Amino acid sequence: MTAVYGISLLIGAFALLVWIAATAVAHTVDGWDRIDPQERFGAVGRLILGGVVGFGMAGMSASFGGWSPLLSFVGAVAGAAGLIAVAFWLGPEETP
């Protein structure tokens, strides 16, 4: 089960770096506005990314903390929910 958490953390961390790089390029290079992930994927994409990172991070922490597999899964789901909440409340405001 630890591999599932590790893979999701790896994928989430890589996707987060790509999200940051694409945002930086979209806001600094003229004519590249179309690659802005906030415009392409919006809040749903941000919440999915937060959920994947939170699931992997909390699951890895719980697994290496010696929790049982069931409790580490519950911790991973709680971590995903927590990071989704953070991404929802602290993300950029949606403009109509």
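Going by the structure above, here's the rest.
Presented here is a report on the structure given in the accompanying data block.

Definitions and limits used
Residues numbered from 1 in each chain as written. Predicted model: local features only at pLDDT ≥ 70, side-chain atom pairs only at ≥ 80, totals over all residues. Heavy atoms only, no water. Helix = DSSP H or I, 4+ residues; strand = E, 2+ residues; numbered from the N terminus. Buried < 20%, exposed > 50% of the residue type's maximum accessible area, 1.4 Å probe, protein only. Contact = heavy atoms within 4.5 Å. Areas by Shrake-Rupley, 256 points an atom, 1.4 Å probe, with all protein chains shown as cover. Core = buried A, V, L, I, M, F, W, Y, C linked by side-chain atoms within 4.5 Å. Expected span 1.5 Å × (residues − 1).

Examining the overall build of the protein chain
- From N to C terminus, the protein chain includes four helices and zero strands.
- Residue burial in the protein chain is summarised as follows: out of 96 residues, 30% are buried.
- Taking as baseline every contact in the protein chain between residues at least 6 positions apart, the subset at least 24 positions apart corresponds to 65%.
- For the protein chain, the accessible area works out to roughly 6300 Å², and carbon and sulfur atoms hold 75% of it.

Focus on the nonpolar core
- Membership of the largest hydrophobic core is limited to five residues, which are Tyr5, Phe55, Met60, Ala76 and Ala80.
- Apart from residues lying up to four places away in sequence, Ala80 is in contact with Gly51, Gly54 and Phe55.

Re helix α3 (residues 42–64)
- In this model, α3 (23 residues) spans 34 Å end to end at C-alpha, consistent with the 33 Å of a helix rising 1.5 Å per residue.
- Following α3 by one or two positions, Gly66 has its phi on the positive side, about 90°.

By themselves, these figures tell us nothing about what the structure is for.
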